[in-house]
Amino acid sequence: MSLTFDDGTFIRSEMQTPLPPPGRNVGAIGWMRENLFSSITNTVLTLAGIALVVWILPPLLRFLFIDAVWTGNNRDACLGAEVGACWPFIKAKFAQLIYGFYPADQRWRVNLVFLIGAVLLVPLLVLSWPHKRLNSFLFFVAYPILAFILLTGGNISASNFLLGHFGLLRAVAGDAAVAGLQFGFWLDFVITAALCVAVAYLIGRLAAGSGRGAATMTAYVFAGFGILTFLWDVDFGLERVETRQWGGLLVTLVIAVTGIVTSMPLGIALALGRRSKMPIVRLLSVIFIEFWRGVPLITVLFFATYMLPLFLPVGVNPDGLLRALVGVALFTAAYIAEVVRGGLQAIPKGQYEGAMAMGLTWSQMMRLIILPQALTLVIPSIVNSFISLFKDTTLVLIVSIFDFLGQLRAAFTDPNWATPVTLYTGFAFAGIVYFLFCFGMSRYSLFVERRLNTSHRH
Amino acid sequence: MTEAHSIVPSDELPAVHTAPGREVAVELVGVHKWYGEFHVLKDINLRVKRGERIVICGPSGSGKSTMIRCINRLEEHQQGSIVVDGVELTNDLKRIDEIRREVGMCFQHFNLFPHLTILENCTLAPIWVRKMPKKDAEELAMHFLKKVKIPEQANKYPGQLSGGQQQRVAIARALCMKPKIMLFDEPTSALDPEMVKEVLETMVSLAEEGMTMLCVTHEMGFARQVANRVIFMDAGQIIEANEPNAFFSNPQHERTKLFLSQILH
């Protein structure tokens, strides 16, 4: 092929075919040359990185594996000059780290909850698995109810509902129980539900012209709540286990999973509320978000545990774990709300217009067009919040709830295992466990992010 | 004057179809709109008959986009009345939804949904708004995708298509709702020159079928070929409206003459 550039004109006679790239940049050597030793700075950094690994890794491996003690029944095994990690300590305390003070003969219930959770969660996380709708229903609706009954034993004694507190019904219905159910409670429940549906209908009628939607919604909420209460009221013959007895990884996971699952929808609702055109909704959302973001989690937990009872009427004393759960969920929801708002703001106006021009309603537009895109955009930040939530669960220690780390610290005080390496071993183990969970979430989020990124797919 | 794009011949453009009773598709009477203090639309009066094809042109900021966006309530007008397909636009959400179901719209930047495939983009509104079974909606979508000549792209994502293809999908998506009126807001302004033609061809074939169309565009070749009327807007008001031959060959208003001399050369 001869090209002349002298005369200024050029007409291509044949089109060039694509050629493979030059061999320099392919293969392991090409990769290293390009990524590790491409410049002096890069070479220096690479060498420094290798030095750091060489400096840290051998002692770590020696402590965790080579010098570690693997068998033994008490502290004697782990005493000595050059002893590494004392794994028998973890082995001896393992049950305590997982279950806390959950009665030993009832621990199968916890195992069952873990097992069912895992069986339901895995197909939910694998995006290509079919039956997502059924799976979500099982995991997000049926599983929490089941877990609640299994873990606490169910059989809550539903005796007082709204009207009962005012002593209105007791006189009429008495304490009659029909087929093990408190007649008074259910009469109370039905009347309260009917009243609320009527109020919802009136409000809907006045505000939007038609109260049917609001009334149906309220009826559904009450029906759901009724089924829930009914199920929790049934005596399945399970021994009652107070949440005070729960502990270890069980509590960590209960708080983290409940926090994640409840804060997400709440956060989305708050984000939408904050961007709403209705000033009162917007104002309430802003106040809620700014309040929870402005208060440290420790303060929230302290307030919920020690100060809230002072404001509640005598006799009303919500469960300690429940209070911590609500605190953590609301706290996280505020952060999620801001993250989601960021995502919503990144969606171009054209997407809203495209959806509106097709006649989609507001909720359809949000559900089908805006939120799927906004949430995909903010997956890294959402998972960031969840990882942070997972690690913050350790803060419940200050309100005397013994989560995984709390149990570990309690285990340190056992004189049977008092050795110089107990503390290091324990924290190394805790570090590994927390890392596995957090790293798992992080990797999963990366996977989902890549999977859902269709906008730039070529 | 050079015709920017030669389009398929269309001698057989149907005459304006006037069914008795509801021959008016869109009627704007004394419409005013303000953006804060800025008066964008000033006393707009426009009646579009069924089957009529209107091309709206004018300099940027003249309010032409705002005007057609008022027709499906993407913008709210503050004074005057807009009646679309016999329904007057008010704050009533039901009426707005009713009108949006009957009015299709194509945008300058296509506004396809990037997280959905081409087929899903097209079936979304029929399924959720028209409550059509998924299978029927897909058949309908494939019908219109064939019509805009890209059925083979149905399972790709918008990001994988060229601009011209995306705009044709946008047209197909709007058609899937079987609209009575189509609004085009500068559909070719964001396209490479090579792709303008394919979109205009699609629009011409739509016009040949008797669709009521309001197009904001600067494609004067298109205006000459399919428009029943060309409307020139400036400073938020209609300056001149005429049938295309008279409009281009013999503009009356000074502003129109200036505008045409700038864009036709």
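Worth saying up front: this structure is predicted, and the values here are computed from it rather than measured.

### Some details on the nonpolar core
Counting 101 residues, the largest nonpolar core has A:Trp246, A:Leu344 and A:Ile369 as the members making the most contacts within it. Excluding residues within four positions of it along the chain, A:Trp246 makes contact with A:Tyr99, A:Phe101, A:Tyr102, A:Leu151, A:Thr152, A:Val241, A:Val251, A:Val254, A:Leu321 and A:Phe402. Core analysis: the next-biggest nonpolar cluster, separate from the first, contains 48 residues, B:Val199, B:Leu200, B:Met203 and B:Leu260 among them.

### Here's the deal with the sheet that holds strand S4 (residues 79–84) of chain B
Residues and elements named next belong to chain B. Read across the open sheet, the four strands follow the order S2-S1-S4-S5; overall the sheet is antiparallel. Edge positions in the sheet fall to strand S2 (38–49) and strand S5 (87–88), since each of these pairs with one other strand and no more. The sheet contact formed by S4 and S5 spans two bridges and is antiparallel. Bridge assignment links Val84 to a residue of S5, and that residue is Val87.

### Structural notes on the sheet that holds strand S6 (residues 103–106) of chain B
Residue and element names in this part refer to chain B. With respect to topology, six strands assemble into an open sheet ordered S6-S7-S8-S3-S9-S10, the strand pairing being mixed. Of all strands in the sheet, those with a lone pairing partner are S6 and strand S10 (237–242), marking the two edges. Geometrically, the sheet is characterised by an average inter-axis angle of 20° between neighbouring strands, direction not taken into account. Judged from the four bridges that link them, S6 and strand S7 (residues 181–185) form a sheet pairing that is parallel.

### Notes on helix H5 (residues 163–175) of chain B
Spanning 13 residues, H5(B) covers 18 Å between terminal C-alpha atoms, matching the ideal 18 Å at 1.5 Å per step. The buried fraction of H5(B) amounts to 13 of the 13 residues, a majority that puts the element mostly inside the structure.

### So, the environment of B:Gln165
Residue and element names in this part refer to chain B. Along the chain, the position of Gln165 falls in helix H5. Along the backbone, Gln165 and Phe110 are 55 residues apart, and their C-alpha atoms lie at a distance of 9.9 Å. Apart from the residues within four sequence positions on either side, Gln165 is in contact with Ile150, Gln153 and Glu198. Within the structure, the side chain of Gln165 is placed 3.0 Å from the backbone nitrogen of Ser162, a separation counted as a polar contact.

### Looking at the state of the cysteines
Residues and elements named next belong to chain A. For the structure on display, the rule yields one disulfide over all chains. Each sulfur in the disulfide pair Cys78 and Cys86 lies 1.9 Å from the other. Measuring the twist about the S-S bond at about 70°, one finds the Cys78-Cys86 disulfide to be right-handed. Considered together, Cys78 and Cys86 belong to a single accessibility category, that of buried residues.

### Re the side chain of B:Thr256
Residues and elements named next belong to chain B. Summarising the element assignment, Thr256 is placed in helix H9 (residues 254–263). Overall, the relative accessible area of 0% leaves Thr256 in the buried class. Contact partners of Thr256, with chain neighbours within four places excluded, come to Phe232, Ile239, Glu240, Phe247 and Pro251.

### Some remarks on the packing of helix H9 (residues 248–274) of chain A against helix H14 (residues 362–377) of chain A
The angle between the axes and the distance between the axes are what describe a pair of packed helices. All names here are of chain A. Running from N to C, H9 and H14 cross one another at 110°; their axes reach a closest spacing of 13 Å. Relative to H14, the element H9 is oriented roughly perpendicular. Taken as a pair, H9 and H14 cross one another with a handedness that is right-handed. Residue-level inspection shows Met264, Ile268 and Leu272 of H9 in contact with H14, the latter providing Trp362, Met366, Leu371 and Leu375. The residue makeup of the contact of H9 with H14, split by class, is seven nonpolar, no polar and no charged.

### Observations regarding the packing of H5(B) against helix H6 (residues 193–208) of chain B
All names here are of chain B. The geometry of H5 relative to H6 is characterised by a closest axis approach of 8 Å and an angle of 20° between their N-to-C directions. Comparing their axes, H6 and H5 come out roughly parallel. When the axes of H5 and H6 are compared, the crossing they make is right-handed. Touching Gly163, Gly164, Gln165, Gln167, Arg168, Ile171 and Leu175 of H5 are Met195, Glu198, Val199, Thr202, Met203 and Leu206, all from H6.

### Structural notes on the pairing of strand S9 (residues 229–234) of chain B
All names here are of chain B. For S9, the buried fraction is high: five of the six residues fall into the buried class. Summarising the sheet, strand S3 (residues 53–57) and S9 pair through four bridges and their orientation is parallel. Paired with Ile56 across the strands is Ile231, a residue of S9. Direction of pairing for S9 relative to S10: antiparallel, over a ladder of five bridges. If you follow Met233 over to S10, its bridge partner there is Ile238.

### A look at helix H15 (residues 379–392) of chain A
Residue and element names in this part refer to chain A. Helix length check: H15 (14 residues) gives 20 Å between terminal C-alpha atoms against 20 Å at 1.5 Å per residue, within 8%. All of the buried residues along H15 are Ile379, Ile382, Val383, Ser385, Phe386, Ile387, Leu389 and Phe390. Here the buried face of H15 lies against H9, helix H12 (320–346), H14 and helix H17 (422–452).

### Examining the interface of chain B and chain A
Contacts between chain B and chain A engage 25 residues on the former and 22 residues on the latter. The junction of chain B with chain A conceals about 2,100 Å² of combined surface from both sides, 61% of it contributed by carbon and sulfur atoms. Where chain B touches chain A, the interface holds one salt bridge. Across the pair A:Glu353 and B:Arg69 runs a salt bridge whose closest N-O atoms are separated by 2.5 Å. In this structure, the connection of chain B to chain A is made through six residue pairs in polar contact (both at pLDDT 80 or more). Put simply, the parts of the chain that give the side of chain B that touches chain A at least two residues each are helix H2 (93–102), S6 and helix H3 (118–128) of chain B. Examining the composition of the side of chain B that touches chain A, we find that four residues originate from one element, H3(B), more than from any other. Of the residues in the side of chain B that touches chain A, the class split is 14 nonpolar, six polar and five charged.

### Digging into the pairing of S4(B)
Put simply, side chains in a regular strand alternate between the two faces of the sheet. Across five bridges, the pairing between strand S1 (residues 24–35) of chain B and S4(B) is antiparallel. Of the residues in S4(B), the one forming a bridge with B:Glu27 is B:Val83.

### Notes on the confidence of the model for chain B
Residue and element names in this part refer to chain B. In the predicted model, chain B carries a mean pLDDT of 87, and the fraction of residues at 70 or more is 91%. The low-confidence segment residues 1–11, where pLDDT is below 50, has 25 contacts with residues more than four positions distant or belonging to other chains. Model confidence for the complex: the whole-complex pTM is 0.83, and ipTM, which rates the interface, is 0.88.

### As for the pattern of salt bridges
Residues and elements named next belong to chain B. For the coordinates displayed, the defined rule picks out 25 salt bridges over all chains. For the salt bridge of Glu102 with Arg130, the shortest nitrogen-to-oxygen distance reads 3.8 Å. Of this pair, Glu102 sits in helix H2 while Arg130 sits in the loop between H3 and helix H4 (134–147), placing them 28 residues apart in sequence. Using a relative accessible area of 17% as the deciding quantity, one classes Glu102 as buried. Residues Lys147 and Glu209 are paired through a salt bridge, measuring 2.5 Å at the closest nitrogen-oxygen approach. Of this pair, Lys147 sits in helix H4 while Glu209 is found in the loop between H6 and strand S8 (212–216), placing the two residues 62 residues apart along the sequence.

Basis of the calculations
- Residues numbered from 1 in each chain as written.
- Chains lettered and ligands numbered in written order.
- Predicted model: local features only at pLDDT ≥ 70, side-chain atom pairs only at ≥ 80, totals over all residues.
- Heavy atoms only, no water.
- Core = buried A, V, L, I, M, F, W, Y, C linked by side-chain atoms within 4.5 Å.
- Buried < 20%, exposed > 50% of the residue type's maximum accessible area, 1.4 Å probe, protein only.
- Contact = heavy atoms within 4.5 Å.
- Pairing = 2+ DSSP bridges.
- Helix = DSSP H or I, 4+ residues; strand = E, 2+ residues; numbered from the N terminus.
- Axes fitted to C-alpha atoms, helices over the stretch in contact; angles between N-to-C directions.
- Expected span 1.5 Å × (residues − 1).
- Polar contact = N/O pair within 3.5 Å; in protein donor to acceptor, adjacent residues only side chain to side chain.
- Disulfide = S-S within 2.5 Å.
- Parallel < 35°, antiparallel > 145°, perpendicular 65-115°, else oblique.
- Left-handed = near helix turned anticlockwise from the far one by under 90°.
- Nonpolar A, V, L, I, M, F, W, Y, C, P; charged D, E, K, R; others polar.
- Buried area = accessible area lost by both parts, 1.4 Å probe.
- Salt bridge = Lys/Arg side-chain N within 4 Å of Asp/Glu carboxyl O.
- pLDDT = per-residue confidence, 0-100.

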